[in-house]
Amino acid sequence: MLSTELQARQKAAVAAGIGTRGIYAERAENAELWDVNGKRYIDFAAGIAVNNTGHRHPKVMEAVRQQAEQFTHTCFHVAPYESYVRLAERLNAIVPTGAENRTMLVTTGAEAVENSVKIARAYTQRPGIIAFSGAFHGRTMLGMALTGKVNPYKKNFGPFPSEIFHAPFPNPFLGISVDDAIAGLESLFASDIDPQRIAAFIVEPVQGEGGFNVAPAEFLIRLREIADQHGILLICDEIQSGMARTGKMFGIEHSGVRPDLVTMAKGIAGGFPLSAVTGRAEVMNAAHTGGLGGTYAGNPLATAAANAVLDVIEEENLCARAAMIGERVTSRLRAIAQRQGMERLGDVRGLGAMIAFELVTDRASKNAAPQLTNRIVAEAEERGLILLACGTRANVVRLLPPLTIEEQTLGEALDILEASIEAAFSAVEV
Ligand code: PMP
């Protein structure tokens, strides 16, 4: 079946609101994916930061196979199982709150975010939540309310839950300093809500969909101070930045700040639907028994996969590997950016293997160049490299190679990337 045929069937069968591109997957292995036309791609999307351990890692596949032979679903509320408990123990040991932890498992990132807010409200007995401009926290009603980007996520879908506020996220590239961001937060306290009514800040240590904007350590430190001053909790959404992606297990570790709650998903289970909230026991246990959970929450196939993923991250030193990939990719991109005629490559940034570059019309105005961005993604796709765009201005290309990518495949991908940037720069005027 060819992708053109599938595209027509999809159009006739699948809701138009679900955006897709024309790559219909047939099989995938580590950092490579083959489509139904037999075309091979190197996968720098990794299922949107999910396959940090690559497609079908043998250890993960074996764990899932063994679990499938025992049982695939009992519902943890009905007949609990060891792999859930083991995963909770392991997450409790690595999530850097600096305190004794507890964990709950659910299925999607948005669900983890929802539950972190439920728990924060139960603990603080306060309603308010402050998220940040450019944030992405999911597509449920609360997820959308917390998300700091209207189009395409929130448009037409309101009204949203109340008591959610947005403060500015620092953006050194666009001239929004940490002081500016903190001033924005203080002005929110003055004009919209008393800090004593705020249950939590929710922040991505590196914004994902928002454009791979790295939160400066100083910003996170000051958020922690303000949180402590007013009895506000700090929730770190590590759904995209977690699980070794940034060169440490969690993005927040780069700042040394201790969060109260951490949300995880995506990379946690190597392609199986699983998410988690881990945090200080005192906070996590504030929600009454029966108040949390779900039918599929902590599905046994997914918990088996996640336990194997944690083994692989450790055994294959994927944190160190992420840092190394990050250096190799960013130095290549920086070299390209310095060449004559490459001025529209405005910024190269990232943390570990969470890497992005921003396209602008020129380096003085820094106006966004979304057309150029789309063209780079298209040129790369043509040449067999899957890239994703992101950013509140739709002008950022993000690179999310599996952390297990072979050296040679990485080199090949970087050559394709460079050729795609060159082709797009000569094809698009601004
Ligand atoms: N938070 C962050 C930081 C994310 O990147 C995402 C997904 N892109 C979500 C939440 C939502 O996760 P899911 O799509 O699994 O609901």
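The coordinates are above.
Right, let's walk through the structure included here. It should be emphasised that the depicted structure is a prediction, and the values quoted were computed from it without experimental measurement.

### Re the environment of Val277
With respect to the helices and strands, the residue Val277 is situated in strand β10 (residues 275-280). In sequence terms Val277 and Ile376 are 99 residues apart; their C-alpha atoms lie 36 Å from each other. Look past the residues within four positions of Val277 in its chain and what remains in contact with it is Arg102, Thr103, Met104, Ala112, Asn115, Ser116, Ile119, Leu261, Val262, Thr263 and Met284.

### Quick notes on the packing of helix α12 (residues 370-382) against helix α13 (residues 407-427)
α13 packs onto α12 with a crossing angle of 135° between their chain directions and a minimal axis gap of 8 Å. Considering their axes alone, α12 and α13 lie oblique with respect to each other. In the packing of α12 onto α13, the handedness of the crossing is right-handed. When α12 is examined against α13, the residues Leu372, Arg375, Ile376, Glu379 and Ala380 are found in contact with a partner set consisting of Ile416, Ser420, Ile421, Ala423, Ala424, Phe425 and Ala427. Class assignment for the residues of the contact of α12 with α13 results in 9 nonpolar, 1 polar and 2 charged.

### Things to note about the site of the ligand
Lining the immediate environment of the ligand, one finds Thr108, Gly109, Ala110, Phe136, His137, Gly138, Glu204, Glu209, Asp237, Ile239, Gln240 and Lys266. In the environment of the ligand, a nitrogen atom lies 3.2 Å from a nitrogen or oxygen atom belonging to the side chain of Glu209. Lys266 is positioned such that a nitrogen or oxygen atom in its side chain is 3.1 Å from a nitrogen atom of the ligand. Coverage of the ligand by the protein chains reaches 82% of its 390 Å² of free accessible surface. Per-class residue counts for the shell around the ligand are 3 nonpolar, 5 polar and 4 charged.

Rules of the game
Residues numbered from 1 in each chain as written. Predicted model: local features only at pLDDT ≥ 70, side-chain atom pairs only at ≥ 80, totals over all residues. Heavy atoms only, no water. Helix = DSSP H or I, 4+ residues; strand = E, 2+ residues; numbered from the N terminus. Contact = heavy atoms within 4.5 Å. Axes fitted to C-alpha atoms, helices over the stretch in contact; angles between N-to-C directions. Parallel < 35°, antiparallel > 145°, perpendicular 65-115°, else oblique. Left-handed = near helix turned anticlockwise from the far one by under 90°. Nonpolar A, V, L, I, M, F, W, Y, C, P; charged D, E, K, R; others polar. Near = heavy atom within 4 Å. Polar contact = N/O pair within 3.5 Å; in protein donor to acceptor, adjacent residues only side chain to side chain. Areas by Shrake-Rupley, 256 points an atom, 1.4 Å probe, with all protein chains shown as cover.

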